[in-house]
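Each chain, letter by letter, is given below.
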Amino acid sequence: MTQSTELSSNSSTRQDQLSSFLDIATEAACAGGAVLKFYWGNLQEVEEKRPGDLVTIADKESEAAVLAILQRHFPDHGILAEESGVLGNSESRYLWAIDPLDGTTNFAHQYPFSSVSIALLIDGIPAVGAVYDPFRDEIFRAATGLGATRNRQPIHVSKTLELSRSLLVTGFAYDRTLVEDNNYAEFCHFTHLTQGVRRGGSAAMDLAYVACGRLDGYWERGLSLWDLAAGVVIVREAGGVVTAYNGSDHIPKSGRLLATNGHLHQQMIDELALVQPLPFKFPFGR
Ligand code: IPD
Ligand code: CA
Ligand code: CA
């Protein structure tokens with residue numbers, strides 16, 4: 001059924017509308033997740049879009065399953081999907097950002113840490129997010145003003161106050177062997193200051209884990225809107241803070257994201273500003 005998509009100015013009606021968008025985002029994320037389960041351990045071929053950036057039939061069919069649901073409900077909305085690009089109504093104030101398989105490298109290697117990430121941006125601001133992990137059957141959801149949940153139970157960011165007691169996570173973009181600004185120096189810097197830095201391999205799940213307090217903070221450069229938009233809503237609604245590295249709220253365009261439990265936010269901004277790039281070289285000949 002096609003949904004009416006004019007957002008109400010009445011706050012309780014608006015919350016009902018956001019809740020309805022969230023339910024459809026959830027349905028789409030779970031449909032994508034079913035495709036990932038089907039192809040798990042059963043990939044005949046893995047293509048490389050550019051060095052190190054993989055794509056599989058699971059990415060493509062998950063995206064098709066997600067698109068079928070979103071386009072059926074919202075034929076007049078805009079869409080930005082990782083594998084298909086820009087679709088739908090580019091004039092709409094509603095934009096769905098879809099990562100049908102976040103963590104393709106993990107998936108292709110049968111390392112079970114990947115997700116489907118679906119976000120709705122309204123007037124450019126992430127307002128609805130659903131991140132589904134098919135391996136643990138965990139669905140992380142949030143919409144502006146409605147709070148964040150994991151499997152329908154409320155979640156909250158951690159209470160960790162000091163970097164020295166924190167566990168962080170980060171990631172490395174596919175251009176990391178080509179640019180000096182490759183996040184290696186930041187990784188070393190925070191590894192020294194904290195109880196550890198993980199590299200999950202799925203930005204959407206990294207953000208969801210900050211939201212539910214499994215991790216205390218996350219930073220990464222070179223992200224695309226489909227990687228981050230759902231996780232941004234989930235962290236914010238779980239009580240966390242998400243900005244660019246310099247503290248600016250204009251996240252989606254910068255591609256440099258810092259998400260924390262709030263207590264560590266200024267400390268991480270200050271530390272990121274101190275980091276100097278490591279000497280640039282191609283250690284393995286790439
Ligand atoms: C990647 C993952 C990874 C992050 C990369 C992303 P993909 O997405 O989120 O954790 O470090 O920057 O591109 O390619 O698996 O959808
Ligand atoms: Ca991604
Ligand atoms: Ca992807």
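Keep in mind it's a predicted model, so treat the numbers as computed, not measured. (Residues numbered from 1 in each chain as written. Chains lettered and ligands numbered in written order. Predicted model: local features only at pLDDT ≥ 70, side-chain atom pairs only at ≥ 80, totals over all residues. Heavy atoms only, no water.)

Moving on, we come to the sheet that holds strand β13 (residues 217–220). Ordered in space as β12-β11-β13-β15-β14, the 5 strands form an open sheet in which the pairing is mixed. On the outer flanks of this sheet lie β12 (196–199) and β14 (241–243), each paired with one strand and no other. Across the sheet, the mean angle from the axis of one strand to that of its neighbour is 15°, orientation sign disregarded. The pairing of strand β11 (residues 167–170) with β12 spans 4 bridges and is parallel. (Pairing = 2+ DSSP bridges. Helix = DSSP H or I, 4+ residues; strand = E, 2+ residues; numbered from the N terminus. Axes fitted to C-alpha atoms, helices over the stretch in contact; angles between N-to-C directions.)

Here the focus is the pairing of strand β6 (residues 115–122). Across the 8 residues of β6, 8 count as buried, placing the element largely inside the fold. A two-sided burial pattern is seen for β6, the buried positions comprising Ser 115, Ser 117, Ala 119 and Leu 121 on one face and Val 116, Ile 118, Leu 120 and Ile 122 on the other. Hairpin connection from β6 to strand β7 (residues 125–133): 2 residues lie between these consecutive antiparallel strands, with Asp 123 at a positive phi of about 50°. (Buried < 20%, exposed > 50% of the residue type's maximum accessible area, 1.4 Å probe, protein only.)

In this section: the site of ligand 1. Around ligand 1 sit 15 residues, and of these Asp 102, Gly 103, Tyr 174, Gly 201 and Glu 220 come closest. One of the backbone N or O atoms of Thr 104 is found 2.9 Å from an oxygen atom in ligand 1. Between ligand 1 and Glu 220 there is a distance of 2.6 Å, counted from an oxygen atom to a side-chain nitrogen or oxygen. For the shell around ligand 1, the element with the highest residue contribution is strand β5 (residues 94–102), accounting for 3 residues. In terms of residue class, the shell around ligand 1 is made up of 4 nonpolar, 5 polar and 6 charged. Residue assignment places the shell around ligand 1 across two domains, with domain 1 (11–147) and domain 2 (163–274) each supplying three or more. (Near = heavy atom within 4 Å. Polar contact = N/O pair within 3.5 Å; in protein donor to acceptor, adjacent residues only side chain to side chain. Nonpolar A, V, L, I, M, F, W, Y, C, P; charged D, E, K, R; others polar. Domains from an automatic or database assignment.)

Moving on to the packing of aromatic side chains. Tallying each qualifying case throughout the model produces 13 aromatic pairs. Pairing Phe 21 with Trp 96 gives two aromatic rings, centres 6.5 Å apart and planes at 85°, and the pair type is edge-to-face. Of the two residues, Phe 21 is situated in helix α1 (residues 11–39) and Trp 96 in strand β5; the sequence distance between them amounts to 75 residues. Pair check on accessibility: Phe 21 and Trp 96 agree, each one buried. Here Phe 74 and Trp 96 contribute two aromatic rings whose centre-to-centre distance is 5.3 Å and whose plane-to-plane angle is 20°, an arrangement assigned as stacked. With a gap of 22 residues between them, Phe 74 in the loop between α2 (57–73) and β3 (78–81) and Trp 96 in strand β5 connect regions that are remote in the sequence. The class for Phe 74 is buried, based on a relative accessible area of 1%. By relative accessible area, Trp 96 is classed as buried at 0%. The aromatic ring of Tyr 209 is capped on one face by Arg 214, whose charged end is 4.6 Å from the ring centroid. (Phe/Tyr/Trp six-rings, centres within 6.5 Å; stacked < 30°, edge-to-face > 60°. Lys NZ or Arg CZ within 6 Å of the ring centre and 35° of its normal.)

With domains assigned, the protein is organised as domain 1 (11–147) and domain 2 (163–274). In this structure, domain 1 and domain 2 have C-alpha centres spaced 20 Å apart. Counting residues at the interface gives 40 residues for domain 1 and 23 residues for domain 2. By the criterion of area lost to domain 2, the three top residues of domain 1 are Phe 113, Pro 126 and Phe 140, representing 24% of everything that side buries. Put simply, domain 1 and domain 2 have 1 salt bridge between them. Run the count over domain 1 and domain 2 and you get 9 residue pairs in polar contact (both at pLDDT 80 or more). (Contact = heavy atoms within 4.5 Å. Buried area = accessible area lost by both parts, 1.4 Å probe. Salt bridge = Lys/Arg side-chain N within 4 Å of Asp/Glu carboxyl O.)

The coordination sphere of the calcium ion (ligand 3), as far as protein atoms go, consists of Glu 82 (OE), Asp 99 (OD) and Leu 101 (O), spread over 2.1 to 2.4 Å. Distance-wise, the calcium ion (ligand 2) is placed 3.7 Å from the calcium ion (ligand 3), both being coordinated by Asp 99. Here the residue Glu 82 occupies a position in the loop between β3 and β4 (85–88), and Leu 101 occupies one in strand β5, the gap between them amounting to 19 residues. (Donors = N, O, S within 2.8 Å, 3.2 Å for Na, K, Ca; no water.)

This brings us to the coordination of the calcium ion (ligand 2). For a metal with four tetrahedral donors the ideal donor-metal-donor angle is 109.5 degrees, whereas six octahedral donors ideally subtend 90 or 180 degrees. Donor atoms from the polypeptide that bind the calcium ion (ligand 2) are Asp 99 (OD), Asp 102 (OD) and Asp 227 (OD), placed at 2.1 to 2.3 Å. Between consecutive donor residues of the calcium ion (ligand 2), the sequence gaps follow D-x2-D-x124-D.

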